[in-house]
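Chain residues, written in single-letter form:
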Amino acid sequence: MLGIQGLSFQDINTLLDLADDYVDQNRQVDKKSSSLRGRTQINLFFEASTRTQSSFELAGKRLGADVMNMSVSTSAIKKGESLIDTAMTLNAMRPDLLVVRHPDSGAVALLSQKVGCGVVNAGDGTHEHPTQALLDALTIRRRLGRIEGLRIAVCGDILHSRVARSNIHLLTALGASVRVIGPPTLMPGGIEALGATAFTSMREGLEGCDVVMMLRIQMERMTGSFIPSTREYFHLYGLDYEKLAYAKPEALVMHPGPMNRGVEIDSLVADDVDRSLIREQVEMGVAVRMAVLDALSRHLPNQ
Ligand code: ASP
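Residues numbered from 1 in each chain as written. Predicted model: local features only at pLDDT ≥ 70, side-chain atom pairs only at ≥ 80, totals over all residues. Heavy atoms only, no water.

Colleague: Looking at this structure, I do not really get unusual backbone geometry. What am I missing?
Modeller: Peptide bonds are trans in most cases, and residues, glycine excluded, mostly fall at negative phi. The linkage connecting G257 with the following residue, P258, adopts the cis geometry, with an omega of -5°. At R94, a residue that is not glycine, the phi angle is positive and equals roughly 60°. By relative accessible area, which is 70% here, R94 ends up exposed. (Buried < 20%, exposed > 50% of the residue type's maximum accessible area, 1.4 Å probe, protein only.)

What follows is the structure, encoded as structure tokens:
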């Protein structure tokens, strides 16, 4: 599961339907089932994570797998071991599933060619974050009943966002019309080739939108100065009620987290229980990751 690109309409819907069932399971007292019983899952994170790592851990455990977490700060990667050597070492321990996050685009695909188990991309550089897009779609589908025909805006630091790329692939595949909005310095060339329409003005871009998805300003990936100041950025692109009013009256607000409050989103909007889906997104994250692990485990060679 390396990306949304290449998944069919049917693949995506099958995963979303399965995740829907897991939402119900996760709301019960007994949250466990056994489709991964006996399996070993390793979460290998070369980049920081709160939501993704913890939800993959819970997802594996709720499906009955033995789950091990490895992060850069505590592994031999600190001593200079390469990505492939680390992967080969873990592979020799016969895991069934590897969940990998890496700062370089394409690194997870490369690693997947060297190991004999199922691999899930938990975010590779600025390329893809497929389970984030799936959880976003599940959140929207559960609230609005559909994706097809919706107008959805993805706003902010498009250039550095794997979330934006995965969402453009997924939402367009399911028939939504996707707009990307951001300053010219954070708008990657050629983004429209992926099927989105680009805007540099929030007023124009948000017009008629059903969903407004905000993105974090990714300072850690910026090599130069892409924005004049966070204050000016908020003034032009930060989502407050004034800008939200450019969208449809009932438009919903999303953010993948972690949020920079007061930079890309105003706290009042983020915490508005009627308009913000941010907490639901986190809940859907566990269910979607259960669906992905479950589906993948059914295709393992030792199945
Ligand atoms: N958590 C998301 C990611 O890992 C979004 C972000 O970091 O801004 O891509």
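Next comes the rest of the write-up.
Colleague: Please clarify how helix α11 (residues 278–297) should be interpreted in this entry.
Modeller: Structurally, the α-helix is built with 3.6 residues per turn, so residues lying three or four positions apart point the same way. Its 20 residues place the ends of α11 29 Å apart at the C-alpha level, agreeing with the 28 Å of an ideal helix rising 1.5 Å per residue. Within α11, the axis deviates most sharply at M284, by approximately 25°. Extensive coverage of α11 is indicated by the burial of 15 of its 20 residues. (Helix = DSSP H or I, 4+ residues; strand = E, 2+ residues; numbered from the N terminus. Expected span 1.5 Å × (residues − 1). Bend = angle between axes of the 7 residues up to and from the residue.)

Colleague: What exactly am I supposed to notice about the sheet that holds strand β7 (residues 197–199) here?
Modeller: Through backbone hydrogen bonds, the strands of a sheet pair up, either in parallel or in antiparallel fashion. Taken in spatial order, the 5 strands line up as β7-β6-β5-β8-β9 in an open sheet, and their pairing is parallel. Where the open sheet ends on each side, the last strands, each with one partner, are β7 and β9 (252–254). Here the strands of the sheet are splayed against their neighbours by 20° on average, with no regard to which way each runs. Of the pairings in the sheet, the one linking strand β5 (residues 151–155) to strand β8 (residues 211–214) comprises 4 bridges and is parallel in character. Paired with A153 across the two strands is V212, which belongs to β8. (Pairing = 2+ DSSP bridges. Axes fitted to C-alpha atoms, helices over the stretch in contact; angles between N-to-C directions.)

Colleague: Is there a simple way to think about the pattern of salt bridges in this case?
Modeller: Working definition: two side chains of opposite charge can pair if their charged atoms are close together. Here the structure, examined in full by the defined rule, presents 14 salt bridges. Its salt-bridge partner being R27, residue E283 comes within 2.8 Å of it at the nearest N-O pair. In this pair, E283 is assigned in helix α11 and R27 in the loop between α1 (9–26) and β1 (40–45), connecting sequence segments 256 residues apart. For D240, the salt bridge identified is with K243, shortest N-O distance 3.7 Å. Accessibility assignment for this pair places D240 and K243 in one class, buried. Salt bridges sharing partners connect three or more residues here, namely D17, D20, R141 and R142. (Salt bridge = Lys/Arg side-chain N within 4 Å of Asp/Glu carboxyl O.)

Colleague: I keep staring at the nonpolar core and nothing clicks. Help me out?
Modeller: L134, I140, L170, L171 and L293 are the most contacted members of the largest nonpolar core, which totals 58 residues. In terms of residue count, α11 provides more of this core than any other element does, 9 residues in total. Not counting residues up to four positions away in its chain, the partners in contact with L170 are I4, I12, A133, L134 and A137. Core analysis: the next-biggest nonpolar cluster, separate from the first, contains 25 residues, C155, I181, I217 and L239 among them. (Core = buried A, V, L, I, M, F, W, Y, C linked by side-chain atoms within 4.5 Å. Contact = heavy atoms within 4.5 Å.)

Colleague: Can you help me understand the environment of F234 in this one?
Modeller: Residue placement: F234 occurs in helix α8 (residues 230–237). Overall, the relative accessible area of 18% leaves F234 in the buried class. Separated by 143 residues in the primary sequence, F234 and N91 have C-alpha atoms spaced 45 Å apart.

Colleague: For this particular structure, what's the right way to read the pairing of β8?
Modeller: On β8, burial covers both faces: V211 and M213 on one face and V212 and M214 on the other are all buried. Pairing between β8 and β9: 3 bridges, direction parallel. Note that in β9 the partner of V211 across the bridge is L252.

Colleague: Which parts of the structure should I look at to understand the packing of aromatic side chains?
Modeller: One pass over the structure, following the stated rule, counts 1 aromatic pair. Stacked on the ring of F234, the Lys or Arg K243 has its end atom at 5.4 Å from the ring centre. (Phe/Tyr/Trp six-rings, centres within 6.5 Å; stacked < 30°, edge-to-face > 60°. Lys NZ or Arg CZ within 6 Å of the ring centre and 35° of its normal.)

Colleague: Would you take a moment to explain the state of the cysteines for this structure?
Modeller: Here, the word disulfide means a covalent bond between the sulfur atoms of two cysteines. The final tally for this structure, using the stated rule, is 0 disulfides. C209 supplies the cysteine sulfur nearest to C155, a cysteine that is in no disulfide, at a spacing of 7.3 Å. Looking at C155, the relative accessible area reads 1%, which means it is buried. Note on C209: relative accessible area 0%, which makes it buried. (Disulfide = S-S within 2.5 Å.)

Colleague: Please clarify how the sheet that holds strand β2 (residues 66–71) should be interpreted in this entry.
Modeller: Overall, parallel pairing links the 4 strands, which are arranged β2-β1-β3-β4 in an open sheet. A strand with exactly one partner marks an edge of an open sheet, and here the two such strands are β2 and β4 (118–124). On average, each strand axis in the sheet is inclined to that of its neighbour by 15°, with strand direction left out of account. Alignment of strand β3 (residues 97–102) against β4, held across 5 bridges, turns out to be parallel. Residue pairing for β4: V99 is matched across the bridge by V120. Of the strands in this sheet, β1, β2, β3 and β4 touch helix α2 (residues 51–62), which is tilted by about 180° from β1.

Colleague: In this structure, what is going on with the packing of helix α5 (residues 130–144) against α11? I would like to understand it.
Modeller: Two measures define how a pair of helices packs: the angle their axes make with one another and the distance between the axes. The N-to-C vectors of α5 and α11 enclose an angle of 120°; their axes lie 8 Å apart at closest approach. Considering their axes alone, α5 and α11 lie oblique with respect to each other. Taken as a pair, α5 and α11 cross one another with a handedness that is right-handed. In this structure, α5 contributes T131, Q132, L134, L135, D136, L138, T139, R142 and R143 to the contact, and α11 contributes E280, Q281, M284, G285, V288, R289 and V292. (Parallel < 35°, antiparallel > 145°, perpendicular 65-115°, else oblique. Left-handed = near helix turned anticlockwise from the far one by under 90°.)

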